[in-house]
Amino acid sequence: MKQDDINKDLAISAAMARIAYEALDDKQGEDIKILDIHEISVLADYFLIAHGKNQNHVKALIDEVQDKLALSGYYVSNIEGYQEGTWVLMDFGRIIVHVFHKEARLFYDLERIWSDGKMISVDQLNQTN
């Protein structure tokens, strides 16, 4: 794959991550993190990790992310854990969104498990384009 194609793909992934971040932020998702994993994994380019106050808040966050990305033409390929609402994983292909109940987030500690990835800010995503 040519470098230009790689850069275009990453720009699309960054745009998706920005939309997901803003959706989480709009619904008051807590401690939203963006993890750039494109150099260490074929799973996705970015992980977004956040938590909600309770099951209903977690579900509201997931619904908002799904709605906002769909409005931009990006559709989820898989959602796991929605009914339980303690750890919901949304796979959009280029990005994966993890929304936890706070206790589950502390227990699973994805930030530590994926520490080879690079933690970035939403402002750094804006510099990708």
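For the structure itself, look to the data block above.
Residues numbered from 1 in each chain as written. Predicted model: local features only at pLDDT ≥ 70, side-chain atom pairs only at ≥ 80, totals over all residues. Heavy atoms only, no water.

## A word on the nonpolar core
The nonpolar side chains of soluble globular proteins are, as a tendency, buried together.
Here is step 1 of the chain: Grouped together as the largest cluster of nonpolar side chains are 27 residues, with contacts concentrated most on Leu24, Tyr46, Leu48, Val65, Ile95 and Val97.
Here is step 2 of the chain: The set of elements that each furnish at least two residues to this core consists of α1 (3–26), β1 (30–36), β2 (46–52), α2 (55–71), β4 (87–91), β5 (95–101) and α5 (122–126).
Here is step 3 of the chain: Element by element, the count of residues in this core is highest for α1, at eight residues.
Here is step 4 of the chain: Every residue in contact with valine 65, bar those within four places of it in the chain, is listed here: Ala20, Ala23, Leu24, Met90, Phe92 and Val97. (Core = buried A, V, L, I, M, F, W, Y, C linked by side-chain atoms within 4.5 Å. Buried < 20%, exposed > 50% of the residue type's maximum accessible area, 1.4 Å probe, protein only. Helix = DSSP H or I, 4+ residues; strand = E, 2+ residues; numbered from the N terminus. Contact = heavy atoms within 4.5 Å.)

## What about the pattern of salt bridges?
Here is step 1 of the chain: Scanning all chains against the criterion turns up eight salt bridges.
Here is step 2 of the chain: With a shortest N-O distance of 3.6 Å, arginine 94 and aspartate 9 are connected by a salt bridge. Of this pair, arginine 94 sits in the loop between β4 and β5 while aspartate 9 sits in helix α1, and the two are 85 residues apart along the sequence.
Here is step 3 of the chain: Classification of arginine 94 by relative accessible area gives partly exposed; the value is 27%.
Here is step 4 of the chain: Between arginine 105 and glutamate 111 there is a salt bridge, and its shortest N-O distance comes to 2.5 Å. Each member of the pair, arginine 105 as well as glutamate 111, is classed as buried.
Here is step 5 of the chain: Shared partners join several salt bridges into a network, and the residues in it are Asp31, Lys33, Arg105 and Glu111. (Salt bridge = Lys/Arg side-chain N within 4 Å of Asp/Glu carboxyl O.)

## Focus on the sheet that holds β4
Note on sheets: strands pair through backbone hydrogen bonds, and any given pair is parallel or antiparallel.
Here is step 1 of the chain: With mixed pairing, six strands are arranged side by side in an open sheet as β3-β4-β5-β2-β1-β6. What marks the edges here is a single partner per strand, and that holds for β3 (78–80) and β6 (118–120). For this sheet, the mean inter-axis angle between neighbouring strands, taken without regard to orientation, is 20 degrees.
Here is step 2 of the chain: Judged from the three bridges that link them, β1 and β6 form a sheet pairing that is antiparallel. In the sheet register, leucine 35 faces β6, and the bridge partner there is methionine 119.
Here is step 3 of the chain: Across the sheet, α2 lies against β2, β3, β4 and β5, angled at about 160 degrees from β5, the strand it touches most. (Pairing = 2+ DSSP bridges. Axes fitted to C-alpha atoms, helices over the stretch in contact; angles between N-to-C directions.)

## A closer look at the pairing of β1
Here is step 1 of the chain: Bridge analysis of β1 against β2 gives five bridges, and the strand direction is antiparallel. Bridge assignment links glutamate 30 to a residue of β2, and that residue is histidine 51.

## A few points about the pairing of β5
Here is step 1 of the chain: Of all the seven residues making up β5, six are buried; the element is thus mostly covered by neighbouring parts of the structure.
Here is step 2 of the chain: With seven bridges connecting them, β2 and β5 associate as parallel partners. When the sheet's bridge partners are listed, tyrosine 46 is paired in β5 with isoleucine 95.
Here is step 3 of the chain: Of the pairings in the sheet, the one linking β4 to β5 comprises five bridges and is antiparallel in character. Looking at β5, one finds that valine 88 is bridged to valine 99.

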